[in-house]
Amino acid sequence: MNFPMDNPFFQFLYWIMNTPGIGGIVVVVEATLIVIAVSLSLRWINKGADAPEKEQFAYPTSALHHYKPKRRGFGGL
Amino acid sequence: MPKWSMVIDLEKCVVCQGCSIACRMENNTPVVTPELAGEGREMRWNDVFPMPHVEVGDYPNTKTHYMTRPCMHCENAPCIKVCPVQATYIDEEGLVRQNYDRCIGCRYCTVACPYGVRYFNWFAPEWNPTIKQHLNPEEVSSGSGVLEGPAVRPKGVVEKCTYCIQRLDNARQRADAEGRDFRPDEYVPACVETCTGKARFFGDLENPDSTVSRLAKSERAFVLLEEVGTHPKTIYLQEGE
Amino acid sequence: MLTIGKRDKEVLLDPLYRAGRGFYILLGVLIIIMGWGLFMYIRQIVFGLGVTGMDRPAYWGMYMVNFIFFIGISHAGTLISAILRVTGAEWRRPITRIAEAITAFALVVGTIQIFFDLGRPDRVLYLFTYGRLQSPLLWDAVSVTAYFLGSIVYLYLPIMPDAALLRDNLPEEAPPWRRHLYKWLALGWRGNRTQWLRLEKMIAVMAVLIIPIAISVHTVISWILATTVQPGWHSTVFGPYFVVGAIFSGIGALFIAMTLTRRALHLEAYITEKQFRYLGYIFITMSAIWFYFTYAEHMTQAAGQLAEEFPILASKLWGPFSASFWVMILAMVAAFVVLVFPLLLPDSWSKYRIFNPRFTLANAVVAGVAIVLLQVPGMQRVVANLSPGLPPITLRIIALVAGVLAIISLLPWLKRHLIDTMVIASALVLVGMWLERWNIIVPTMVNPRLMPSSWYTPTLTEWSLFAASIALFIFMFVLFFKLVPAVSVWEVREGRVIDDVRSQVPMPAPEPSSSARGAMRRSLEETEPTY
Ligand code: SF4
Ligand code: SF4
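Just so we're clear, the structure is a prediction, and the values are computed from it rather than from any experiment.

## A word on the overall build of chain C
Along chain C, the regular secondary structure elements total 21 helices and zero strands. Overall, the C-alpha framework of chain C stretches about 75 × 75 × 50 Å when taken along its three principal axes. For chain C, the residues scored as buried account for 55% of the 531 residues in total. Restricting to contacts in chain C with at least 6 residues of sequence separation, those with at least 24 account for 84%.

## Quick word on the site of ligand 2
The immediate surroundings of ligand 2 are formed by B:Cys83, B:Pro84, B:Val85, B:Ala87, B:Gln98, B:Cys103, B:Ile104, B:Gly105, B:Cys106, B:Arg107, B:Cys109 and B:Val158. Residues of the shell around ligand 2, tallied by class, amount to nine nonpolar, two polar and one charged.

## Remarks on the interface of chain B and chain C
Facing 46 residues of chain B, the contacting portion of chain C comprises 43 residues. Across the chain B to chain C interface the summed buried area is about 3600 Å²; carbon plus sulfur atoms make up 58%. With a closest N to O distance of 2.7 Å, B:Arg107 and C:Asp117 form a salt bridge. Applying the counting criterion to the chain B and chain C interface returns 28 residue pairs in polar contact (both at pLDDT 80 or more).

## Considerations on the packing of aromatic side chains
Aromatic rings considered in pairs are described by the distance between their centres and by the relative angle of their planes. Scanning the entire structure with this criterion turns up 47 aromatic pairs over all chains. When the ring of C:Trp189 is compared with that of C:Trp196, the centres are 4.9 Å apart and the planes differ by 90°; the resulting orientation is edge-to-face. Both residues of the pair, C:Trp189 and C:Trp196, belong to the buried class. Through a chain of ring-to-ring contacts, the aromatic side chains of C:Phe69, C:Phe70, C:Trp434, C:Trp438, C:Tyr456, C:Trp463 and C:Phe466 assemble into a single cluster. In this structure, B:Arg41 packs its charged tip against the face of B:Trp122, placed 5.0 Å from the ring centre. Its end group placed over the ring of C:Tyr130, B:Arg102 keeps NZ or CZ at 3.5 Å from the ring centre.

## Some thoughts on the sheet that holds strand 9 (residues 221-222) of chain B
Pairing between the strands of a sheet is mediated by backbone hydrogen bonds and can be parallel or antiparallel. Residue and element names in this part refer to chain B. Ordered in space as 8-1-10-9, the four strands form an open sheet in which the pairing is mixed. Edge positions in the sheet fall to strand 8 (200-204) and strand 9, since each has one partner strand and no second. Bridge analysis of strand 1 (residues 4-9) against strand 8 gives five bridges, and the strand direction is antiparallel. Residue pairing in the sheet places Trp4 in a bridge with Asp204 of strand 8.

## Comments concerning the environment of C:Arg449
By the secondary structure assignment, C:Arg449 is in the loop between helix 18 (418-446) and helix 19 (460-483). Given a relative accessible area of 9%, C:Arg449 falls into the buried group. Once residues lying within four places of it in the same chain are set aside, the contact partners of C:Arg449 are B:Pro114, B:Leu225, B:Val228, C:Val229, C:Gln230, C:Pro231 and C:Glu308. A distance of 3.0 Å separates a polar atom in the side chain of C:Arg449 from a polar atom in the side chain of C:Glu308.

## Some words on the site of ligand 1
Around ligand 1, the structure places 13 residues, and the nearest of them are B:Cys71, B:Cys74, B:Cys79, B:Cys113 and B:Arg118. A breakdown of the residues in the shell around ligand 1 according to their chemical character gives 10 nonpolar, one polar and two charged.

## A look at the interface of chain A and chain C
The partner chain C presents 44 residues to the 44 residues of chain A that form the contact. Both faces considered, chain A and chain C share a buried interface measuring about 4000 Å² in area, 65% of it formed by carbon and sulfur atoms. Seen at the junction of chain A and chain C, the total is one salt bridge. A salt bridge links A:Glu55 to C:Arg193, with the nearest nitrogen and oxygen atoms 3.7 Å apart. There are 19 residue pairs in polar contact (both at pLDDT 80 or more) connecting chain A and chain C. Of all elements in the fold, only helix 1 (8-18), helix 2 (22-47) and helix 3 (62-66) of chain A reach the threshold of two or more residues within the side of chain A that touches chain C. Ranked by residue count, the leading element in the side of chain A that touches chain C is helix 2 of chain A, at 17 residues. Among the residues forming the side of chain A that touches chain C, the class breakdown is 24 nonpolar, 13 polar and seven charged.

## Some details on helix 4 (residues 77-86) of chain C
Residue and element names in this part refer to chain C. Taking burial as the measure, the 10 residues of helix 4 include eight buried ones, the bulk of the element. Of all the residues in helix 4, the buried ones are Gly77, Thr78, Leu79, Ile80, Ser81, Ala82, Leu84 and Arg85. On its buried side, helix 4 packs onto helix 5 (96-117), helix 7 (136-156), helix 10 (193-226), helix 11 (238-265), helix 12 (273-304) and helix 20 (489-504). Residue Gly88 follows helix 4 closely and has a positive phi angle near 65°.

## What about unusual backbone geometry?
Residue C:Pro57 is bonded to the preceding C:Arg56 through a cis peptide linkage, with omega at 10°. As for its placement among the helices and strands, C:Pro57 is situated in the loop between helix 2 (21-47) and helix 3 (62-73). Non-glycine residue B:His73 carries a positive phi angle of around 45°. Following the sequence through the fold, B:His73 ends up in the loop between strand 3 (63-69) and helix 3 (78-82). Positioned with a positive phi, B:Cys164 is a non-glycine residue whose angle comes to about 50°. By the secondary structure assignment, B:Cys164 is in the loop between strand 7 (158-159) and helix 6 (165-177).

## A closer look at the packing of helix 14 (residues 322-344) of chain C against helix 17 (residues 392-416) of chain C
Residue and element names in this part refer to chain C. Interhelical geometry of helix 14 versus helix 17 gives an angle of 70° and a closest axis separation of 9 Å. It follows from the interaxial angle that helix 14 and helix 17 lie roughly perpendicular. Residues Val337, Val338, Phe341 and Pro342 of helix 14 pack against Ile407, Leu411, Leu414 and Lys415 of helix 17. Considering only residue class, the contact of helix 14 with helix 17 consists of seven nonpolar, no polar and one charged.

Reading the values: rules and limits
Residues numbered from 1 in each chain as written. Chains lettered and ligands numbered in written order. Predicted model: local features only at pLDDT ≥ 70, side-chain atom pairs only at ≥ 80, totals over all residues. Heavy atoms only, no water. Helix = DSSP H or I, 4+ residues; strand = E, 2+ residues; numbered from the N terminus. Buried < 20%, exposed > 50% of the residue type's maximum accessible area, 1.4 Å probe, protein only. Contact = heavy atoms within 4.5 Å. Near = heavy atom within 4 Å. Nonpolar A, V, L, I, M, F, W, Y, C, P; charged D, E, K, R; others polar. Buried area = accessible area lost by both parts, 1.4 Å probe. Salt bridge = Lys/Arg side-chain N within 4 Å of Asp/Glu carboxyl O. Polar contact = N/O pair within 3.5 Å; in protein donor to acceptor, adjacent residues only side chain to side chain. Phe/Tyr/Trp six-rings, centres within 6.5 Å; stacked < 30°, edge-to-face > 60°. Lys NZ or Arg CZ within 6 Å of the ring centre and 35° of its normal. Pairing = 2+ DSSP bridges. Axes fitted to C-alpha atoms, helices over the stretch in contact; angles between N-to-C directions. Parallel < 35°, antiparallel > 145°, perpendicular 65-115°, else oblique.

As C-alpha cells, then:
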C-alpha cells in the first residue's frame, strides 16, 4: 500500500520537512524562546532581591530552609 | 511531464570510455594530476570501471565485468534527503539537480549516496591551457543563488552527473524559438549521443512507447542496488554470460 | 555584604587573583599550538579541503571523528551533574562546576569541528537561511542549540551567588574590570531568602530539563550516520550506543579535569577521594553498558553476515582496521580491569611478595619486549636468527603471562592510589572512545559499495587542528577557572551544613532483611552498641 501522500495533512508535513528556510526558522525560534525564558527567569531571581527581607545568606543554611517547613524531610535535608 | 531515464545495455558496451570523455568535455569536469587521482581526488561524472570483487573463471581464463556509472537519478534519492540546504533536489521531471551556489560542502550527500557518484571539489578546478580555451561556456542559472550544469564549479562544493541538463534547456529554447512544442526525443545527454556501441538510450519513462520504457520492461533490465530502495532511473540491461 | 570563611577564602577565592609563572607558560604553549592550528586552517581555506587526507570515498574523516568525540566529552558535565543533582547525591557538590564547565567548552570545540569540515565555511549561514528540517544535520543544529544555551545557563546559575561573594570580597588591588565582571555576573544578587528559593527552584528545573536535551544531542549525532543506508551505520542501536559512549568518555574527561584542577589549585580538602570513588562506580557501570552495546552491535553484524556489512566488520576484526579496533578493545578492557580488580583484591593479600612495583616493572618490560619482537616488522627474522628454537607461540605465551602478572602485581598499588587509578583508567577510556568513533566512521567510509576499498590517513592539517582543538579546550578551561572558583563555594558550604545536621541526628539503622536479622542480633549481643 502506498503512503497516503495526497492527503493534505501529510503534504503539509512534507512541506515543513522539505522547505529550505523552515529549519533555520525553527532553530531561531527555539533559540529565541530559550533566551526569553531564561532572561525572564533571571529577572525573576533578580527581582527577588527587592523582597522586604533583612537577612542575607552567603549560602543556604538551615535558617534559610526553616522558613519553609514543608520542604523539610524530602530532598533538602 | 516527462520522467527522464537512461537505459544502458551492458551487452553492447565496449568499454571505450567514450561516454566518460564526452561527459568531461560537455560538463567541464576538472582534470587532476595522476598523483591526485591516486589519492582518490579524480572526478568522473561518468565512469567505466571493472566491477570490484566480481570476477568469473579461474586464472588465467578470467572474465571481468565492466560497469558504467552515471548518477542514477534516484526517485527516492538518499542524497536529497540529507542535504541540509537543498543544494541537491529533484525537479518535476525527475532530474536530481545540484546547485553549486547553494552547496555548503558538508559532503553529507557524498556520504549518503550508495552509488558513490558524487564528487567533491577538493581544490579549485584546473585544466591545462588547451582544454581551458575550450571550456563549455553554458550554464544553467535561474536568477541569483542558482548555478547548475556545466558552469565552472568553485572549490569546496559537490558536483555530479546532471543528465546534461543544459541540453534540455537548449532543446526547450530551440523549440520555443521555432514556435513549436518541445518533443522529448529532442534531448539526449552527451554520453548517449557519443556512445560507440550504441549501448545507451535516453528518453521519457512516462511515455509507454518510448525506447527507454520498452527497454525497461525487458527481461534483462535491472537496476543497481535495488535492495537499497532508491528506485534509480538509470536502468541497466544485463550482459549475457 | 556576603561573607566567607577564612579558609575557603584562602583556598578558593585568593588564587583567582594570583598567577604564577606556570600559568603563563601554559597559556603561552596553548596559544602557540592554537596559532599553528589557525595557520593550518587558513591554509586549508586558501587551498581547499584537498590538504586533508580525505578523498573519495573517504569523504568524512578525522574532523567528523573529532566532532563526535568532543560533543561526547560535553556529556560529562551537564548530564552527570544534572543526574546527581536530581538524585540528591551529596558528594557531587565540589565537582559540579568543573563538570559543567567541561560541557560548555567541549560543545564550543565540537561545533568548531563543523567549520573545519565544511568545504564552504563562508556559506555556513545557509544552514539557517536555507535550513531543511529533513536533513539530520538540522536536527543536530536544533538539539545542539538547545543544549548549548541550556548548559551555559546551567553553568551560570550556581555562579550567581559565588559571583556576589567575589564582588563583596574583592581585594583592594584587584583590577577594576574584575569588579565590573563580578558585579555583572552576580546580577544584583543579595542573598535574601526569596532569591535563594527562586534560584534553587530554577536550578532544579534546569537539571530536569537538561537531561533529555543532552540525550537528544548524542542520539541525533548518531542518527546522522544511522539514517543513511550505508553498511555498518544503518543500525538501530546507534542512538543509545552513542549516548552511552558519550557519557562514558565524558566521565573520563571529568576525572582528568578534576585531578588536574585539584592538583593545580590545591583543592585536596574539597575534592576528596570520596568523589573519585563514587564517580568511579558510575564509571564502572558505564563501562559495562558500553561493552554490552559494543558486543550487541558487532555480534548482530557477525551473525547476519550481510554481503555489504560483513567486509566492514571483517576489516575491523582482522583486516586493516584490526589495529585500531583491538587497541580500542584492549584499552577498554584494561580500563575495566584497572577500575574493578583492585576492588576485588582482599587487603590481606598485599603481604605476598609478587605484589611489588618492581616485579610489575620487570614483567611489563618482558611483555613489552616480547610484543615488540612479535609485532615490529623484521623483528621476527632477528628472533629466528638469535635463537632458532624459539617459535612465535612461545613468545606469545611469554608476553601474555608477563602481561597478566604485571597487571596482577600492580593491583595493590592501584588500590592504594585511587586517584592515579582513575586517571589511568580515564586516559585509557578517552583513547578507546576516540578510536571507537574512528572505527565507526572510517571503515564504512573506505569500504563503499560498487567501489574497491580504499584507505584514509589523516594529514598534518588534520592532526594540527585536532591538537589546536584540544589546546583551545584547555585554554578556555584554564582561563575560566581564573575568573570563577573551580568549586561552587555556596554549594560546598551548604553541604557542610547538611553534614553537620546529619551528624546530630541519630540515624536509625536500615530495616534488615529477615535472614540478616539473625546475624545482626547475634553480633549485637556480642558487642555493645556504640551510640
Ligand atoms: S545515484 Fe547518488 S547522487 Fe545520484 S540521485 Fe542517487 S543517491 Fe543521489
Ligand atoms: S555537500 Fe552540498 S549538496 Fe551535499 S549535502 Fe552538503 S550542502 Fe548538500
